Each structure stands twice: as structure tokens, then as C-alpha cells.
Amino acid sequence: MKKPSSKIRAEIAQLQEQLKAAETREAERIGRIALKAGLGEIEVDETQLQAAFEDLAKRFRGGEVRTTGGKRGAGVGESSASSAQNAAGAAAGGTAEA
């Protein structure tokens, strides 16, 4: 039997709320870890932080770390982890986007 559109809209709204709550929990968790690592006080450009987080995510997923050239072109491995943790500190400060 088919569901009425109003019921589908209600389910979508409920799922959106669940997604928002899950993203908030994830951002808070990453932010707490970054703050514990002492990264809350370091000033880094947001685009660099996002790139570092992408590198870190690839590293933990087993993929190869990409290089973007410029300052980060060589030796990305260890510096990416530190920079990526900086981004988590920014997320803890309420700047995370969903």
C-alpha cells in the first residue's frame, strides 16, 4: 500500500532531525579530541584545515594521501594529522558546518 505524501514528509523531517543530531555529536567528539591535543589555540586557514582533514580521512580509510602542492606538497603524512586535528578544534568552537 502506498504512503500518503504527508506521512513521507513527516518521516523526512524526522530523519533530518536525526541527521542533525548525529552530525552535532560527531562534531563535538572531534572537537573534544582536538582540544585535548592542544589544537584549539592554533590559527590555521580553514581551507588548509579542510584539506588536512580530507587527507586524514583518506589515511584512516586506507587510501593514499593526496598532495595539493605549495606548502603542503612534500611530507604530507605527519603534518596532515596535526593540521587535521586543528580543524577539529575549530569545529568545537561552533564553526562546523553540516
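Values in this document were obtained by computation on a predicted structure and should not be read as measured data. (Residues numbered from 1 in each chain as written. Predicted model: local features only at pLDDT ≥ 70, side-chain atom pairs only at ≥ 80, totals over all residues. Heavy atoms only, no water.)

Caption draft 1: Focus on the overall build of the chain. Broken down by element type, the chain carries 3 helices and 0 strands. Each helix (α) and strand (β) of the chain, taken in turn from the N terminus, gives the series α-α-α. Counting only residues that meet the buried cut, the chain has 21% of its 98 residues in that class. Sequence separation of 24 or more characterises 57% of the internal contacts of the chain that already satisfy a separation of 6 or more. Accessible area of the chain: about 7500 Å², with a carbon and sulfur share of 52%. (Helix = DSSP H or I, 4+ residues; strand = E, 2+ residues; numbered from the N terminus. Buried < 20%, exposed > 50% of the residue type's maximum accessible area, 1.4 Å probe, protein only. Contact = heavy atoms within 4.5 Å. Areas by Shrake-Rupley, 256 points an atom, 1.4 Å probe, with all protein chains shown as cover.)

Caption draft 2: Molecular detail of helix α1 (residues 5-36). Taking 1.5 Å of rise per residue, 32 residues should cover 46 Å, and α1 covers 47 Å from first to last C-alpha, within 8% of that figure. Looking at α1, one finds that the buried residues are Ala22, Ala27, Gly31 and Ala34. (Expected span 1.5 Å × (residues − 1).)

Caption draft 3: The arrangement of helix α2 (residues 46-61) in detail. Here α2 contains 16 residues, and its C-alpha end-to-end distance of 22 Å stays within 8% of the 22 Å for a straight helix at 1.5 Å per residue. Taken together, the buried positions of α2 are Leu49, Ala51, Ala52, Asp55 and Leu56. With its buried residues spanning 165 degrees around the axis, α2 presents them on a single face. Across from the buried face of α2, at angles greater than 90 degrees, the exposed residues are Glu46, Thr47 and Arg61. Two residues or fewer past α2, Gly62 is found with a positive phi of approximately 90 degrees. (Arc of directions from axis to C-beta.)

Caption draft 4: The confidence of the model for the chain, seen in detail. Summing up the model confidence of the chain, the mean pLDDT is 75 and the portion of residues at 70 or higher is 64%. When the elements of the chain are averaged for pLDDT, helix α3 (residues 76-95) gives the smallest value, 44, and α1 the largest, 96. Confidence over residues 69-98 falls short of pLDDT 50; this stretch has 46 contacts with residues more than four positions distant or in other chains. (pLDDT = per-residue confidence, 0-100.)

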